[in-house]
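For reference, the chains in residue letters:
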Amino acid sequence: HSSTAAGRSGALSPAPPLSGAVQKIDVNPPKGTRDFPPEDMRLRNWLFNNFREVSRLYAFEEVDFPVLENEALFTRKAGEEIKDQLYCFEDQGKRRVALRPELTPSLARLVIQKGKSVSLPLKWFTVGQCWRYERMTRGRRREHYQWNMDIIGVPGVMAEAELIASIVTLFKRIGITESDVGFKVSSRKVLQGVLKCYSIPENLFGKVCVIIDKIEKIPAEEIKKELKVAGVSEEAVHELLEVLSVKSLAELEERVDSCGEAIADLKQLFLLAEKFGYSKWLQFDASIVRGLAYYTGIVFEGFDREGKLRAICGGGRYDHLFSTFGADDIPACGFGFGDAVIVELLKEKGLLPELSLQVHNVVCALDEDLQAAAAMVANLLREKGQSVDLVLESKPLKWVFKRAARTNAERLVIVGSSEWQRGMVGVKILSTGEQYEIKLDDLK
Ligand SMILES: Nc1ccc(Br)nc1
């Protein structure tokens with residue numbers, strides 16, 4: 001809304017074209033993006049307030065970053081979809097910039113920027129909009145909001161256990177139980193072990209994980225071909241795919257002796273899950289790798305047990321992200337929790353909350369020259385912390401009653417001239433219909 005003098009006086013506002021034929025703008029938001037009209041915004045605020053409350057319970061500090069970042073933050077060379085779909089452009093200063101597709105690189109950038117001025121461990125959270133440029137052929141969204149929680153500076157799996165605990169807390173708060181969702185958990189150290197066994201160079205690790213993450217999305221032959229093109233030997237490819245189909249930690253222990261570290265981490269995590277009281281939510285699943293190149297250890301994703309939806313959330317350990325930005329490495333882990341799949345799940349489970357506009361008072365003047373008096377009454381109530389929907393034009397009482405019903409007002413405060421002369425106002429309690437007069441000073 002223009003608050004400049006020009007806006008008020010209209011001095012600079014353009015004159016309507018003489019022809020009167022004004023081309024109607026497209027009132028829809030850009031392709032792949034959403035508006036949040038009041039009802040949708042109430043649901044979003046309800047969800048985000050739960051994100052924030054859980055973050056507070058776990059003593060995480062809120063941080064935020066620009067949605068626009070230097071493109072270099074995301075130009076990893078591991079063939080990730082997130083890179084292929086980067087929403088990037090050259091700005092008017094000829095800088096290569098991008099709308100962030102995820103939040104972790106921004107977080108790492110800020111941690112490096114803060115350097116020695118922050119003491120570890122850091123526990124930071126943010127809720128931010130993330131973008132991708134998806135060819136509209138697939139008609140998917142190009143933006144979503146993610147809740148991110150990250151623990152920076154803790155090498156042990158207590159950090160991952162704490163992060164998963166926070167997500168369990170969130171699920172419980174919104175009515176989701178372990179019969180609705182679970183977490184598939186694995187460790188990328190399993191793959192690292194295999195690659196080492198077959199002396200595949202370390203620098204292929206990220207790329208191999210990104211390819212393997214597509215295992216349920218593209219045929220195995222395609223996976224094998226991409227791995228071979230990436231430089232993985234035939235026998236290593238075979239062993240990789242074998243390992244991914246292992247069904248239990250015990251079986252993994254038997255099969256691959258190079259997974260010692262992975263198994264130790266996973267055993268520790270399942271033990272901690274027991275202590276945290278959420279072991280029923282977890283299951284080992286060797287095929288879980290996640291599609292981000294920078295994970296290096298435990299990885300996990302929240303899934304719906306009916307198998308109808310995409311992953312609800314996902315995360316893991318990323319101990320070398322900082323060195324890819326030219327800084328000293330700091331052990332780190334975190335997760336992202338999107339705002340879309342969870343709403344689909346709540347719909348499926350009939351758990352969407354009923355959220356309506358709630359107003360304490362509708363205040364109206366019975367005639368034009370009492371508008372100022374009505375404004376005084378509104379001000380008095382607002383100073384007492386009460387919400388007031390002040391009727392801003394003279395309207396028939398019938399209109400006011402309808403308005404009060406639509407805003408679920410608790411009561412109607414009517415300013416009429418005879419009452420006002422006596423320092424009184426009329427009150428109608430809308431739930432009971434009870435009606436009475438009250439001295440202005442006694443209005444609370
Ligand atoms: N990374 C990303 C960004 C935006 C959407 Br929608 N999905 C994934």
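Before reading further, recall that the structure is shown in the block above.
Read on for an overview of the structure. (Residues numbered from 1 in each chain as written. Predicted model: local features only at pLDDT ≥ 70, side-chain atom pairs only at ≥ 80, totals over all residues. Heavy atoms only, no water.)

## Comments concerning the overall build of the protein
Alright, step 1. Along its length, the protein carries 16 helices and 16 strands.
Alright, step 2. A compact globule built from 444 residues should have a C-alpha radius of gyration of about 22 Å, whereas the protein, at 29 Å, is more than 25% larger.
Alright, step 3. Taken over the C-alpha atoms alone, the protein extends approximately 95 × 60 × 45 Å along its principal axes.
Alright, step 4. Pairs at least 24 residues apart make up 66% of the contacts formed inside the protein by residues separated by at least 6 positions. (Helix = DSSP H or I, 4+ residues; strand = E, 2+ residues; numbered from the N terminus. Rg over C-alpha atoms; globule rule 2.2 N^0.38 Å. Contact = heavy atoms within 4.5 Å.)

## Describing the nonpolar core
Alright, step 1. The biggest cluster of nonpolar side chains holds 79 residues, and the ones touching the most others in it are Trp 147, Phe 171, Phe 183, Leu 252, Phe 337 and Ile 342.
Alright, step 2. A per-element tally of this core places helix α5 (residues 158–173) first, with nine residues.
Alright, step 3. Residues contacting Phe 183, with those up to four places away along its chain left out, are Ile 164, Ile 167, Val 168, Phe 171, Trp 281, Leu 282, Gln 283, Phe 300, Glu 301, Gly 302, Phe 303 and Cys 313.
Alright, step 4. Formed by 21 residues, the second largest nonpolar core is a distinct cluster that contains Leu 103, Leu 107, Ala 108 and Ile 330. (Core = buried A, V, L, I, M, F, W, Y, C linked by side-chain atoms within 4.5 Å. Buried < 20%, exposed > 50% of the residue type's maximum accessible area, 1.4 Å probe, protein only.)

## Digging into a nonpolar patch on the surface
Alright, step 1. On the surface, Val 67, Leu 68 and Phe 89 cluster together into a nonpolar patch covering about 210 Å² of accessible area.
Alright, step 2. Owing to a relative accessible area of 37%, Leu 68 belongs among the partly exposed residues under this scheme. (Patch = residues over 30% accessible without salt bridge, like charges linked within 9 Å, V, L, I, M, F, W, Y side chains within 5 Å. Areas by Shrake-Rupley, 256 points an atom, 1.4 Å probe, with all protein chains shown as cover. Salt bridge = Lys/Arg side-chain N within 4 Å of Asp/Glu carboxyl O.)

## Thoughts on the side chain of Asp 180
Alright, step 1. With respect to the helices and strands, Asp 180 occurs in the loop between α5 and β7 (181–187).
Alright, step 2. Its relative accessible area of 12% is what places Asp 180 among the buried residues.

## Digging into the sheet that holds strand β9 (residues 298–304)
Alright, step 1. The strand order β1-β5-β6-β11-β10-β9-β7-β8 describes an open sheet built from eight strands, whose pairing is mixed. Pairing within the sheet leaves two strands with one partner each, and these edge strands are β1 (61–62) and β8 (282–284).
Alright, step 2. As judged from the seven bridges shared by β7 and β9, these two strands associate in the antiparallel manner. When the sheet's bridge partners are listed, Val 181 is paired in β9 with Asp 304.
Alright, step 3. Sitting on the sheet, helix α6 (residues 188–197) is in contact with β7 and β9, with an inclination near 30° to β7. (Pairing = 2+ DSSP bridges. Axes fitted to C-alpha atoms, helices over the stretch in contact; angles between N-to-C directions.)

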